[in-house]
Amino acid sequence: ETGVTQSPTHLIKTRGQQVTLRCSSQSGHNTVSWYQQALGQGPQFIFQYYREEENGRGNFPPRFSGLQFPNYSSELNVNALELDDSALYLCASSELSDTQYFGPGTRLTVL
Amino acid sequence: KNEVEQSPQNLTAQEGEFITINCSYSVGISALHWLQQHPGGGIVSLFMLSSGKKKHGRLIATINIQEKHSSLHITASHPRDSAVYICAVTRGSGSRLTFGEGTQLTVNP
């Protein structure tokens, strides 16, 4: 148990729809990172939020956006879903450069 | 070429065997991480190291900064060690992880 939770566990959407994934960080952690993991591959960095501001972004288009709230929760929003967005989405919380604690992930399927 | 390369991709061992998983990286790093991922997706951080060697129970992680290489060793392997082991690096002052592809380990009884 890392103390990091994600919801929902599984989600099915259709192409073109929008989705919001949620993460609840460990209390006191000021940093949340989001990763996308396609089947059989290592996770890819989407972006990171530090004290409610974006603090780095990977090679993902602007239709991937995020928010971090003062209560240690955060969101990943994806607009105009594409089939290739089907993946496991992981959030990880930390104290900036310290060890990251991962949530269990949200499995998104886009049909 | 990926910034982080792991070998082997798949590894099958018998219970009790000594296991080594290797990781090479091509960039300057601030830390190297070994993580474990079980079926269903949950990732657990095993080690974060920037030099030398760390040990936790039957797990040992080493890093050679000059050679840009790290190894994860499992002594007296057990079927419950079966999982995907992932090497990742962080660069600079941030905590953004760049991951390898992972090594699928299966330990048979």
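Please refer to the structure placed before this passage.
The numbers attached to residues start from 1 for each chain and follow its sequence in the written order. Whichever chain is written first becomes A and whichever ligand is written first becomes 1, with later ones labelled in order. Since the coordinates come from a predicted model, pLDDT governs what is reported: local features require at least 70, and pairs of side-chain atoms require 80 or more to be given and counted, while whole-chain, interface and lining totals use all residues. Hydrogens and water are ignored here; the side-chain numbers use all heavy atoms of the structure.

Caption draft 1: Focus on the environment of A:Ser93. All names here are of chain A. In this text, helices come from DSSP runs of H or I with a minimum length of four residues, and strands from runs of E with a minimum of two, each type numbered from the N-terminal end. Checked against the element boundaries, Ser93 lands in strand E9 (residues 87–94). In sequence terms Ser93 and Ser27 are 66 residues apart; their C-alpha atoms lie 9.3 Å from each other. Here the side chain of Ser93 touches Gln26 through a polar contact of 3.4 Å, landing on its backbone nitrogen. Here a polar contact means two N or O atoms within 3.5 Å. Within protein one must be a hydrogen donor candidate and the other an acceptor candidate, and residues neighboring in sequence count only if both atoms are side-chain atoms. Reaching out from Ser93, the side chain makes a polar contact with the side chain of His29 at a distance of 2.7 Å.

Caption draft 2: Structural view of the side chain of A:His29. Residues and elements named next belong to chain A. Structurally, His29 is set in the loop between strand E3 (19–24) and strand E4 (31–37). Looking at His29, its side chain comes within polar contact range of the main-chain nitrogen of Ser94, at 3.3 Å. Here His29 is in contact with Tyr72, Ser93, Ser94, Glu95 and Tyr101, once residues within four sequence places are set aside. Contact definition: two residues touch when any of their heavy atoms are within 4.5 Å.

Caption draft 3: Examining the sheet that holds strand E8 (residues 73–78) of chain A more closely. Residues and elements named next belong to chain A. Strands qualify as paired when DSSP identifies two bridges or more between them. Strand order in this open sheet of four strands is E1-E3-E8-E7, and the pairing throughout is antiparallel. Each edge of the sheet is formed by a strand with only one pairing partner; in this case those strands are strand E1 (5–7) and strand E7 (64–68). Put simply, the sheet's adjacent strands are angled 20° from each other on average, direction ignored. Of the pairings in the sheet, the one linking E1 to E3 comprises three bridges and is antiparallel in character. Directly across from Thr5, in E3, lies its bridge partner Ser24. Lines fitted to the C-alpha atoms define the axes, with helices restricted to the stretch that makes contact. Angles between their N-to-C directions range from 0 to 180 degrees.

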